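Commentary on secondary and tertiary structure
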Amino acid sequence: MGYLEKFAEEPKEQEQTTTITIRLPISLDTKFKAYCDSLNLSVSKAMRLMIEQELKDKEVTPTEEQVQKYNKSRFVLTKWKRDGMIPCPICNEFKSASNFNRHCKDAHDMISEEIFSNPIFVEIAERMLT
Ligand SMILES: [Zn+2]
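The rules behind each value
Residues numbered from 1 in each chain as written. Predicted model: local features only at pLDDT ≥ 70, side-chain atom pairs only at ≥ 80, totals over all residues. Domains from an automatic or database assignment. Helix = DSSP H or I, 4+ residues; strand = E, 2+ residues; numbered from the N terminus. Expected span 1.5 Å × (residues − 1). Buried ≥ 20, exposed ≤ 12 C-beta atoms within 10 Å, placed from the backbone. Pairing = 2+ DSSP bridges. Core = buried A, V, L, I, M, F, W, Y, C linked by C-beta atoms within 7 Å. Contact = placed C-beta atoms within 7 Å.

Turning our eyes to something else, we now look at the domain arrangement of the chain. In terms of domain boundaries, the chain breaks down into domain 1 (23-57) and domain 2 (78-129). Put simply, the middle of domain 1 and the middle of domain 2, counted by C-alpha atoms, are 32 Å apart.

Along an α-helix, residues three or four apart share an orientation, since each turn contains 3.6 residues. In a regular helix each residue adds 1.5 Å, so 13 residues correspond to 18 Å; helix 1 (residues 26-38) covers 18 Å between its end C-alpha atoms and thus fits that length. Within helix 1, only zero of the 13 residues are buried, which leaves the element largely exposed. Of the residues trailing helix 1, N40 is marked for its positive phi of about 55°.

Glancing now at the pairing of strand 2 (residues 93-96). For a regular strand, the rule is simple: side chains alternate between the two faces of the sheet. Bridge count for strand 1 (residues 85-88) against strand 2 is four bridges, and the pairing is antiparallel. Residue I86 lies in a different strand from strand 2, and its bridge partner there is K95. Counting the residues that bridge the hairpin from strand 1 to strand 2 gives four residues, and of these N92 lies at a positive phi of roughly 60°.

Moving on: the nonpolar core. Nonpolar side chains tend toward joint burial in soluble globular proteins. Formed by W80, I86, C88, A97, F100, C104, I115, F116 and A125, the largest nonpolar core amounts to nine residues. Where this core is concerned, the elements lending two or more residues are strand 1 and helix 4 (100-108). The residues contacting C88, other than those within four sequence positions of it, are E93, K95 and H103.

Although it is not a glycine, N40 adopts a positive phi angle of roughly 55°. Mapped onto the elements of the fold, N40 is located in the loop between helix 1 and helix 2 (43-55). With 6 C-beta atoms counted inside 10 Å, the residue N40 sits in the exposed group. In this model, D83 sits at a positive phi of 50°, which is unusual for a non-glycine residue. With respect to the helices, strands and loops of the structure, D83 is situated in the loop between helix 3 (64-71) and strand 1.

Structure below.
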């Protein structure tokens, strides 16, 4: 890898992310957060790096059953995505899919799931896609 490559920004079109919650003793949580702070690293990124490291050389292929089970209650925007854009029914404009959740939070103080579970917004978004 060239010297500058490791500083290159991640590709714009990122996979949708999810959030996990873990249970920890408070002292361990405090210590880990302080450690991450000292490295100027978010806890989220630190955990992601550790998980990636753990899985790096492993051949893990979730079964269809596992995919269903783990994604059961997950809200995904895939259905609404066209050419990397998502229709925002509140703005009546297409917004970048990779920043859509942030757009919802910043512009509307809502999460995307709230928007796309509202039948009025769903109708507008569907009209935008046709
Ligand atoms: Zn909007």
